[in-house]
Amino acid sequence: MHPLFSRLRTMRPTPFSSLRLVALALGLAAAATRFATAQQLRIDVDDPDLSTLAAEVARLAEAARGTVGVAAYHLETGRGFTLNGDQRFPMASTYKVPIAVRILSMVDAGEIALGDMIEIEQRDVYLTASTISDLIDDPGLQLSIHNLLEMMLQTSDNIATDVLMRVAGGAAAVTAHMAGAGIGGIRVDRPTWALIANWLGATEVSEQNRIEPGPYRQLLQKERSDADIAALNAAFNPDPRDTSTPAAMADLLTKIWNRELLSEESSALLIDIMYRCQTGEGRLKGVLPPGTQVAHKTGTIGQTTNDVGIIDLPGDAGHVVAVVYIKESAIEAYADREPVIAHIARAIHDYFVFDGE
């Protein structure tokens, strides 16, 4: 497998407006020497105990050797905090959650049905992280919208994602749906084939100016030096397209859990699929107590490694939304960034279990 292709295989307003929030400066000398921009903590001013958790999360974030965004909110009480919560981060495959919400809202409206069969066209079959591209050589395959949702969220199938984005009316329709739901910090701009092509330097590629599977394969398999990859990342990292703030993604997950965006049936289906996510075992779930259930979605591209989801707490402790985004990481291998996410998730979990009142 080409080394660059191996890096692509997993490419994939504050949630509680009633909280009075204040931005706190993180005046740690160590953090100041490691990060180009100041880390911004935001916590409930009436809940000073959270400052201990927030400071610990900021300390753990230093190990990412990049910029980390975190949003954590206890769903039953609304208590929580953000770290760089209003800064934009590449979503990578976590943008599949807003795509799923758009699709299921169309199901709720009667515009489409979960059982509708969608034909996978030959021009849809890119070399990418996809069961479809791995196994299907001939045209004529049809999959239901339900099947495509399962593939998009469970295994982060990129072809299933791009087909569903087409069914959803395109990237602009997904972004408009988020804005209509009051979530302005999420923007979806490109199918995954365009996003990856842009990252690889094909800046002319867009949803409207597609690259065909053959030239895309050649672009993907082109030999690149470390300097070439560093230049590609430097150009990609500040791109505002397909980004979210941690606060906005936490807001989206909160609204999904609280059944504010979808019907009970569609909400339950989406959450159930996310509980069965098969990627990112070393991220939010990495060091949680055995048996802890997490409804989540991961994403990875370039110097970005993410995981966003809802962690079940034991007993009657409730549930906590946890969003952890890493960008511009100097750690080359995404697997070596995963422990940062895992330890942040464990700190959040333990706080709300043992000091969550």
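Preceding this section is the structure that the text describes.
Residues numbered from 1 in each chain as written. Predicted model: local features only at pLDDT ≥ 70, side-chain atom pairs only at ≥ 80, totals over all residues. Heavy atoms only, no water.

Asker: Pulling in residues and values, what's your account of helix 13 (residues 264–275)?
Answerer: The periodicity of an α-helix, 3.6 residues per turn, causes residues three or four places apart in sequence to face the same way. Taking 1.5 Å of rise per residue, twelve residues should cover 16 Å, and helix 13 covers 16 Å from first to last C-alpha, within 8% of that figure. Taken residue by residue, helix 13 has Ser 266, Ser 267, Leu 269, Leu 270, Ile 271, Ile 273 and Met 274 as its buried positions. The elements touched by buried residues of helix 13 are helix 4 (96–108), helix 6 (145–154), helix 12 (246–257) and strand 9 (294–301). (Helix = DSSP H or I, 4+ residues; strand = E, 2+ residues; numbered from the N terminus. Expected span 1.5 Å × (residues − 1). Buried < 20%, exposed > 50% of the residue type's maximum accessible area, 1.4 Å probe, protein only. Contact = heavy atoms within 4.5 Å.)

Asker: Describe the nonpolar core, with residues and values.
Answerer: Ranked by size, the top nonpolar core spans 75 residues in total, and within it Leu 149, Ile 186, Met 249, Leu 252, Leu 270 and Val 323 carry the most contacts. Element by element, the count of residues in this core is highest for helix 4, at eight residues. Beyond its immediate chain neighbours, meaning those up to four positions away, Leu 270 contacts Ala 100, Val 101, Leu 104, Leu 153, Ile 256 and Leu 262. Core analysis: the next-biggest nonpolar cluster, separate from the first, contains 33 residues, Val 57, Leu 60, Leu 284 and Ala 347 among them. (Core = buried A, V, L, I, M, F, W, Y, C linked by side-chain atoms within 4.5 Å.)

Asker: Describe in detail the packing of helix 4 against helix 6, supporting the description with residues and values.
Answerer: Put simply, helix 4 and helix 6 touch, their axes get as near as 10 Å, and they point 165° apart. Comparing the axis directions of helix 4 and helix 6 gives the class roughly antiparallel. Regarding helix 4 and helix 6, the two cross each other, and that crossing is left-handed. Contacts between helix 4 and helix 6 involve Lys 96, Val 97, Ile 99, Ala 100, Ile 103 and Leu 104 from the first element and Ile 145, Leu 149, Met 152 and Leu 153 from the second. When its residues are assigned to classes, the contact of helix 4 with helix 6 shows nine nonpolar, no polar and one charged. (Axes fitted to C-alpha atoms, helices over the stretch in contact; angles between N-to-C directions. Parallel < 35°, antiparallel > 145°, perpendicular 65-115°, else oblique. Left-handed = near helix turned anticlockwise from the far one by under 90°. Nonpolar A, V, L, I, M, F, W, Y, C, P; charged D, E, K, R; others polar.)

Asker: Just give me the short version of the pattern of salt bridges, but keep the residues and values in it.
Answerer: Between side chains of opposite charge, pairing is possible as soon as their charged atoms come close. This structure, assessed with the given rule, holds 16 salt bridges. In this structure, the salt-bridge partner of Arg 42 is Asp 86, at a minimum N-O distance of 2.7 Å. Of this pair, Arg 42 sits in strand 2 (residues 40–44) while Asp 86 sits in the loop between strand 4 (80–83) and strand 5 (89–90); the two residues are 44 residues apart in sequence, bridging distant segments of the chain. Across the salt bridge formed by Glu 212 and Arg 123, the nearest N and O atoms sit 3.0 Å from each other. Remark: Arg 123 occurs in the loop between strand 6 (117–119) and helix 5 (131–135) and Glu 212 occurs in the loop between helix 9 (192–199) and helix 10 (213–221); sequence separation between them is 89 residues. Shared partners join several salt bridges into a network, and the residues in it are Arg 190, Asp 239, Arg 241 and Asp 242. (Salt bridge = Lys/Arg side-chain N within 4 Å of Asp/Glu carboxyl O.)

Asker: Any chance you could break down the environment of Ala 58 for me, citing the residues and the numbers?
Answerer: Looking at where Ala 58 falls in the secondary structure, it is placed in helix 3 (residues 50–61). The spacing of Ala 58 and Gly 69 is eleven residues in sequence and 9.4 Å in space, taken between C-alpha atoms.

Asker: Talk me through the environment of Glu 338; I want residue IDs and the actual numbers.
Answerer: For Glu 338, the location among the structural elements is in helix 14 (residues 334–354). Sequence separation of Glu 338 and Gly 280 is 58 residues, and the distance between their C-alpha atoms is 8.1 Å. Not counting chain neighbours up to four residues away, the residues in contact with Glu 338 comprise Gly 280, Gly 282, Arg 283 and Thr 305.

Asker: Kindly report on the pairing of strand 3 (residues 67–74), identifying the contributing residues and their values.
Answerer: In terms of residue burial, strand 3 counts as a mostly covered element, since eight of its eight residues are buried. Along strand 3, one buried face is formed by Thr 67, Gly 69, Ala 71 and Tyr 73 and the opposite face, lined by Val 68, Val 70, Ala 72 and His 74, is buried too. Here strand 3 runs beside strand 11 (residues 319–327); their pairing, made up of eight bridges, is antiparallel. Across the sheet, Ala 71 pairs through a bridge with Val 323, a residue of strand 11. Inspection of the sheet shows strand 3 paired to strand 4 by four bridges, in the antiparallel sense. Across the sheet, residue Val 70 finds its bridge partner in strand 4, namely Leu 83. Where strand 3 folds back on strand 4, the antiparallel hairpin that results is connected by five residues, among which Gly 78 adopts a positive phi of roughly 80°. (Pairing = 2+ DSSP bridges.)

Asker: Please provide a residue-by-residue account of the packing of aromatic side chains, values included.
Answerer: According to the stated counting rule, one finds four aromatic pairs in the structure shown. With centroids separated by 5.8 Å and ring planes inclined at 25°, the aromatic side chains of Phe 89 and Tyr 325 adopt a geometry described as stacked. Here Tyr 325 lies in strand 11 and Phe 89 lies in strand 5, a separation of 236 residues in the sequence. Phe 89 gets classed as buried once you look at its relative accessible area, which sits at 0%. The rings of Tyr 126, Trp 193 and Tyr 216 are connected pair by pair, giving a single aromatic cluster. Over the ring of Phe 89 we find Lys 327; its NZ or CZ atom is 4.7 Å from the centre of that ring. (Phe/Tyr/Trp six-rings, centres within 6.5 Å; stacked < 30°, edge-to-face > 60°. Lys NZ or Arg CZ within 6 Å of the ring centre and 35° of its normal.)

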